[in-house]
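Below are the chains, spelled out letter by letter.
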Amino acid sequence: MVAPIVKQSWTVAGVLLNMLGQGVVLSFPSCLLPALKSPDSPIQADLHTASWLASSVGLASMVGFLISSFLMEWLGRRISHGLVIIPGTLGWVLIYFAQDIPLLMAGRVLGGITAGATVTLGAVVIGEFTSPEHRGMFLNLKTAAVCLGNTFTHALGSHFHWRTVAIFALIPHILAFIIVCTWPESPSWLASKKHYDKSKDAFFWLRGRNEKSQREFAELIRVQKEHTNEDSSCTIRVKNFFKKFTRRDFLKPLLIILFGSILLEACGRHIFPAYAPQIISEITGNNTQSFYYTLALDLIITASATFSSALVKLMKRRTLLFSTGLASLLVLSGICSYLFMVSKEFISKERSWIPLFLLVVYFVLANLGCTPIPYALLGEVFPLAHRGVGSAVSGVTLSLALMLALKVTPYLLVSTGVHGCFTVFGTVMALALLAMYFILPETKDRTLQEIENYFNFGKYSDDDEEVKMKMLDLGNNRTDNLKGV
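Remember, predicted model here, so these are calculated numbers, not experimental data. (Residues numbered from 1 in each chain as written. Predicted model: local features only at pLDDT ≥ 70, side-chain atom pairs only at ≥ 80, totals over all residues. Heavy atoms only, no water.)

Caption draft 1: Structural context of the overall build of the protein. A count of helices and strands for the protein gives 21 helices and 0 strands. Along the longest, intermediate and shortest principal axes, the C-alpha atoms of the protein span 70 × 50 × 45 Å. Put simply, 81% of the contacts in the protein that link residues at least 6 apart link residues at least 24 apart. Surface summary for the protein: the accessible area is close to 20100 Å², and the carbon and sulfur share equals 67%. Taking the average place of the 42 positive charges on the side chains of the protein and the average place of its 33 negative ones, the gap between the two points comes to 1 Å. (Helix = DSSP H or I, 4+ residues; strand = E, 2+ residues; numbered from the N terminus. Contact = heavy atoms within 4.5 Å. Areas by Shrake-Rupley, 256 points an atom, 1.4 Å probe, with all protein chains shown as cover. Lys, Arg positive; Asp, Glu negative; His and termini not counted. Charge placed at Lys NZ, Arg CZ, Asp CG, Glu CD.)

This is the structure in C-alpha cells:
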C-alpha cells in the first residue's frame, strides 16, 4: 500500500521538473547574450536586440497562461499539462539549430509559452492534488526548482557552448512529460464536470481514506452540486464571464495576485538569473571571477528557497512573508547605499566582499518569503468556479510584470548602475508589500473550500450561522439570475 504522501510527491515531481525547466529558460540569457556580443560570434546582437531576446519570454508567457487556462477547463489538468510541455521542447530544438536572431527569438518565444503555461497550471495541480498540510511545502518547492534551474544553467553555461546547454535543457521537459502521463485527473476538475464517481476514486487515491479526507471530499461535492442546475449555454457562459469582474471572490484574489506578481519581479527573482554576470562583475570589478560568485549565489539562493519549503510548514504565510520582506528591504537599502558611496568614490572599491555578502543575505531573505509565497498563492486563492479565468488573468499580470522587469533592467544597469537599478526595484517592492499587508488572508493549513468561503463570506468555516445565511442568499440569487435569463 503506497502512502498518500508518496503519491502526492510523485505527482508534484512532474510540476517541479517543469519549473526547473522554467528556471533554465529564464537564466539562459546569462550564457547566450555574452556569447552573441563576442566579436567572433556568427550571430551578433546589440543592446536592444539582447534585451528583446531576454524579455520576449515574458510576452510569450502571456500566451502560455491563456492557453493553459483554456485547456485546463476544457481537457482537465493532466492532458493540459502534457500538451503545454511540447512548445518548450520544440523551442530548445530551434535554439540549438538557430543560425540567426529570428530563429533564436522563435525558440525563446516557444520556451516562454511553456514557462508561462506551467506556472499557473502547476500551481493549480499542486493545490488540487495535495493535502492542506503539505500544500504550502509543495508550492514553495516550485521556487526552489526554478532556482535549481538557474544554477543548472549558470554551471553548464560556463563550461559548454550555449547550443549544448539547449540540448541539456530538454531533459527536464522529457522527464516531466513521462511523469504527467502517470497522473490521475484532478478530483476538483472531475467534480466540476459532474463526474462524481471518478472524482471520488482520484481524490481518495491521492489523499487516502480517513475522516478528514472524507469530510473534505464531501464538502467539495456538496458545493459542486449546488451548481448542477445552472444553465451552461454559450450566452450564459459569456455573461457569467463578465460578471466575474464584479464578484468579491474573484476580484480580491486577483488583487492579491497582482501585487504578488509585482513583488515577485521587484525582488529580483527573474532579473538576477538573467543578468547575474553583469551585476556581479560591476560590483566586484572583476569579469574573470564573476562566474564563481554567481554560482555560489545560485547555490545559496537554491538552499534558502528549499529551506523555505520546510519553514512554511512551521510559520504562518503572512508572518513569513512580511518578516522576511521587511528584513530583505533593510538589507537591500544597505547594498544600494554602499554601492552609491562607491560610485561617488566616498569609499574604496577594494572591499567588494561587503556588498556581495549583503547580496547573499538579501537573496536568502527574499527567497524565504517574497518569491515563493506569490507563486504559492496562485494555487490557493481562486475558487474552483473562477480558477480557469483567474489563472488566465493572473497569467497576463505575471507576464507583463516579467516582461517589464527583464526589458528595463539592462537599461537601468547602463544608465543608473547596480545601485540605481536596485533602488528602483526596492521602492516597488516596498509598495507591493504594503498593499499585500492589508489584503492578504492567512491560508496555512486551510482547505481550498475554506479559503473560498473566506473570500465569499469573510469567514473560513460554513459552520457559522452568518456564513450559512450568506450561502443561502447566494444560492437564491444564483437561481433568480437564471430564471431571469
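Read on for the rest.
Caption draft 2: The confidence of the model for the protein, seen in detail. On average, residues of the protein score 85 in pLDDT, and 91% of them reach the 70 mark or higher. Contacts for the low-pLDDT stretch residues 477–485, under 50 throughout, to residues beyond four places or in other chains number 9 contacts. (pLDDT = per-residue confidence, 0-100.)

Caption draft 3: Here's a closer look at a nonpolar patch on the surface. On the surface, a cluster of nonpolar side chains totalling about 440 Å² of accessible area is made up of Leu90, Val93, Tyr96, Phe97 and Ile167. Of all the elements, helix α4 (residues 77–97) adds the most residues to the nonpolar patch, at 4 residues. Position of Tyr96 relative to the elements: it lies in helix α4. Here Tyr96 falls in the partly exposed class, since its relative accessible area comes to 32%. (Patch = residues over 30% accessible without salt bridge, like charges linked within 9 Å, V, L, I, M, F, W, Y side chains within 5 Å. Salt bridge = Lys/Arg side-chain N within 4 Å of Asp/Glu carboxyl O. Buried < 20%, exposed > 50% of the residue type's maximum accessible area, 1.4 Å probe, protein only.)

Caption draft 4: Quick look at the packing of aromatic side chains. Taken as a whole and assessed by the stated rule, the structure comprises 13 aromatic pairs. Ring plane angle 45° and centroid distance 5.9 Å describe the contact between Phe250 and Phe382, whose orientation is recorded as tilted. Highlighted residues: Phe250 in helix α13 (residues 248–266) and Phe382 in the loop between α18 (372–378) and α19 (387–439), separated in sequence by 132 residues. Between Phe322 and Tyr437, the aromatic rings sit 5.4 Å apart at their centres with planes inclined by 70°, giving edge-to-face as the arrangement. One end of the pair, Phe322, is in helix α16 (residues 317–343); the other, Tyr437, is in helix α19, with 115 residues separating them in the sequence. A relative accessible area of 15% places Phe322 in the buried class. (Phe/Tyr/Trp six-rings, centres within 6.5 Å; stacked < 30°, edge-to-face > 60°.)

Caption draft 5: Spotlight on the side chain of Ser309. Within the element layout of this structure, Ser309 appears in helix α15 (residues 290–311). There is a polar contact of 3.2 Å between the side chain of Ser309 and the backbone nitrogen of Leu141. What Ser309 contacts, discounting residues up to four positions off in sequence, is Met137, Asn140 and Leu141. (Polar contact = N/O pair within 3.5 Å; in protein donor to acceptor, adjacent residues only side chain to side chain.)

Caption draft 6: Focus on the pattern of salt bridges. For the structure on display, the rule yields 10 salt bridges. Here Arg77 ties to Glu73 by a salt bridge, and the two come within 3.5 Å at their closest N and O atoms. Owing to a relative accessible area of 1%, Arg77 belongs among the buried residues under this scheme. The partner of Glu380 in a salt bridge is Arg135, with the nearest N and O atoms 3.1 Å apart. Residue Glu380 is found in the loop between α18 and α19, and its partner Arg135 is found in helix α6 (residues 132–157); the two are separated by 245 residues along the sequence. A residue is classified by how much of its surface remains accessible, and Arg135, at 1% relative accessible area, is buried. Members of the salt-bridge network, linked through shared partners, are Glu73, Arg77 and Glu128.

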